[in-house]
Structures are given as structure tokens and as C-alpha cells.
Amino acid sequence: MALGGRRCVQMLIRHSQCFRTLPNLSNSLFPSTKTPNGPSFTMHFNEFHVAHDLRPYSFQFKHNFCSMHHDGDIDESSDREESQDEVESVVLSAEGKEKQAAEIGYRVIGPLKKSDRVFKRYRPVFAVVQIGSHQFKVSNDDCIYTEKLKYCNINDKLLLNKVLLLGSKTQTIIGRPLLPDAAVHAVVEEHALDAKVIIFKKKRRKNYRRKNGHRQELTKLRITSIEGIEVLQADIKAPPRKEKKQKPEKTLPHLEIPLKKDGLEAHSPA
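Residues numbered from 1 in each chain as written. Predicted model: local features only at pLDDT ≥ 70, side-chain atom pairs only at ≥ 80, totals over all residues. Heavy atoms only, no water.

(A) Broad picture of the overall build of the protein chain. From N to C terminus, the protein chain includes five helices and eleven strands. Counted over contacts in the protein chain with a minimum sequence separation of 6, partners at least 24 positions apart contribute 65%. (Helix = DSSP H or I, 4+ residues; strand = E, 2+ residues; numbered from the N terminus. Contact = heavy atoms within 4.5 Å.)

What follows is the structure, encoded as C-alpha cells:
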């Protein structure tokens, strides 16, 4: 009982100190009443307009449970989100698009026309090309799938300028890290989606399960030609022709008589 009484007294003392530190509420709320030691609470309830008069002197206990503060302080995470939104909202110019495409590893030449003959004869040459963060070994008339390339449409002619290596049957050219005089030409055939991948997360004994699906956006490219390496005519060989085999004449084993169109010729058994 003694401890409880002490706690009550301490709480009353603290509250009285809070009211003493406030400005003269009696003069601001009720100018007709004068109380030297603070406001008097013996007045009637209908004269005490709490909702309207005590609003500027109400106590506000703020509990900030998130990174967004209402005190005027700006958080770093909110600054980053706003900067990202501003960058996305800005429309890039033609030079900016070309610069980003060059960083990825390609350049858009223009749309493919009906009169263009981009598909050339097969040559025994291969190249290693870098597109984004992936490397591909390609040759003429090959088809590759890359991550979706921005700023290019279907039937656009592309120039892949990040060539790391060129090779044939007789020679190999290695870049340090790129070959400046080499280029690979390609045509955009399709923008497609990869097969669905399911991402499942679970924490046992926590009632936590999350199941999401993802389909990666892809671009299909058809390689048309490779430039930067010479191919000898000896390396270009025509495909071998199939020679017709002559079937042997059939004979009857018990008579040993060969079968011919003109007639039958009998042989004496050995």
C-alpha cells in the first residue's frame, strides 16, 4: 500500500509540473477568469469547449513505425525512390537511345526492306559476340535468344559490335578484349516470353508461404553475316554428292542361275 501511494503522489507531481510549464491557459481560454497558479477546472462542462479551445495545446505523442517521418525530415530511401521515378518519367532522345544500345552491344541500322538481300551463302566462320552480360558463339544463319533488347522492333537490322573472337578452320583472331574491325549482322525476328518459372518461398512454423511466377522477356535474333575475317576458297568445300551404288545381280543358290532381263542361262552345278 505504501509503494502504491508513493507512485500516485509521484504521478500527481509530474502532471502538476507539466501544467505549470504551459502558458497561461486561463487567459487564452477564459479571459474573464484569472488564476495565478494555473487554470482552474471547477467550471461547468458546457463552458469548457475542449474540441475547439484546447486544440493548440493538446499533447501529441508521435510513434514513427516507418521510415516516412512527418517532422519535415526527408529519408534517404524516399529520395532514391523519387529520383528513380524522375529518371523513368524522362523521355530519352535519339542520342540517348543510341548510347544505351551501344553499351548493351548493338546498333540499329534500320528496318528490313523487301529488296534487301541480307541472307548470304554459308561460310565456315564463327564469332563470339557479347550482348549485355551474355556471350554467344554464332555463325551464319544461326538463331539465338537474348534478353529483350530496347529500342528495336521486329524486322530491324542490327549491327552487333562487341565481337570478342573470330575463327575459321585455318585461323583464329582474339580481341583485347574487342575486335575493332569485326562486326556481326543480325535481324530481329520476334519478341517473345520464356517459359514460366515458379518462385516458391516458405518458412516453416511461421505460416509463411509465397508463390510467384515469372516469364522472362526475350528477343529472337537471326545471324545473317560475319565480317572481319577472310575465308580461303580451299576452306569452302561443296557438299559431297551421293554416288549411286550398283546392286549385285541376284542368283538362285540351288541352281546358281543368274537372273537377267534377256533370258535365263543355265550353269552346271559345281
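(B) Expanded view of the sheet that holds strand β2 (residues 126-131). Sheet architecture is open: four strands sit in the order β3-β2-β6-β7, paired in antiparallel fashion. What marks the edges here is a single partner per strand, and that holds for β3 (134-139) and β7 (172-174). Pairs of neighbouring strands in the sheet enclose a mean axial angle of 15°, with direction left out of account. Alignment of β2 against strand β6 (residues 163-167), held across four bridges, turns out to be antiparallel. By the bridge assignment, F126 is partnered in β6 with G167. (Pairing = 2+ DSSP bridges. Axes fitted to C-alpha atoms, helices over the stretch in contact; angles between N-to-C directions.)

(C) A look at the sheet that holds strand β11 (residues 217-227). On the basis of which strands lie adjacent, the open sheet formed by five strands has the order β1-β5-β8-β11-β4 and antiparallel pairing. Whereas interior strands pair on both sides, the edge strands pair on one side only; in this sheet they are β1 (106-111) and β4 (143-147). Looking at each pair of strands side by side, their axes are set apart by 35° on average, direction ignored. Where strand β8 (residues 183-193) lies against β11, ten bridges are found, and the strand directions are antiparallel. In the strand pairing of β11, H185 is matched with S225.

(D) Here's a closer look at the pairing of β2. Note that β2 and β3 share six bridges and pair antiparallel. If you follow I131 over to β3, its bridge partner there is H134. Counted between consecutive antiparallel strands, the loop separating β2 from β3 contains two residues, among which G132 sits at a positive phi close to 70°.

(E) Examining the environment of H185 more closely. Relative to the assigned elements, H185 resides in strand β8. A sequence separation of 41 residues divides H185 from I226, and the C-alpha atoms of the two residues are 6.4 Å apart.

(F) Seen up close, the side chain of T224. Mapped onto the secondary structure, T224 falls in strand β11. Residues in contact with T224, not counting those within four places in the same chain, are V118, F119, K120, N140, H185, A186 and V187.

(G) Representation of the pattern of salt bridges. If you walk through the whole model with that rule in mind, you get five salt bridges. The partner of D116 in a salt bridge is K157, and the shortest N-O contact between them spans 3.3 Å. With D116 in the loop between β1 and β2 and K157 in strand β5 (residues 156-160), this residue pair connects regions lying 41 residues apart in the sequence. A relative accessible area of 21% places K157 in the partly exposed class. For E189, the salt bridge goes to R222, with nearest N and O atoms at 3.0 Å. Of this pair, E189 sits in strand β8 while R222 sits in strand β11, and the two are 33 residues apart along the sequence. The structure contains a network of salt bridges with shared partners spanning D141, E189, K220 and R222. (Salt bridge = Lys/Arg side-chain N within 4 Å of Asp/Glu carboxyl O. Buried < 20%, exposed > 50% of the residue type's maximum accessible area, 1.4 Å probe, protein only.)

(H) Structural view of the nonpolar core. Judged by nonpolar contacts, the single largest core of 25 residues is most densely connected at A127, I131, V138, L160, L166, V184 and L221. The set of elements that each furnish at least two residues to this core consists of β2, β3, β5, β6, β8 and β11. In this structure L166 touches F126, A127, T172, I173, L179, A182, I226, E227, G228 and I229, once residues within four positions along its chain are discounted. (Core = buried A, V, L, I, M, F, W, Y, C linked by side-chain atoms within 4.5 Å.)

(I) Region of interest: the side chain of S168. With respect to the secondary-structure elements, S168 resides in the loop between β6 and β7. The exposure class assigned to S168 is buried, which follows from its relative accessible area of 12%.

(J) Structural context of the packing of aromatic side chains. Within this structure, the stated rule accounts for zero aromatic pairs. In this arrangement the basic side chain of K137 is found over the ring face of F126, its NZ or CZ atom lying 4.7 Å from the centre. Note that K203 overlies the ring of Y208, its terminal NZ or CZ placed 5.0 Å from the centroid. (Phe/Tyr/Trp six-rings, centres within 6.5 Å; stacked < 30°, edge-to-face > 60°. Lys NZ or Arg CZ within 6 Å of the ring centre and 35° of its normal.)

(K) Region of interest: the environment of K201. Residue position: K201 is located in strand β9 (residues 197-203). The residues touching K201, leaving out its near neighbours within four places in the chain, are Y208, R209 and R210.

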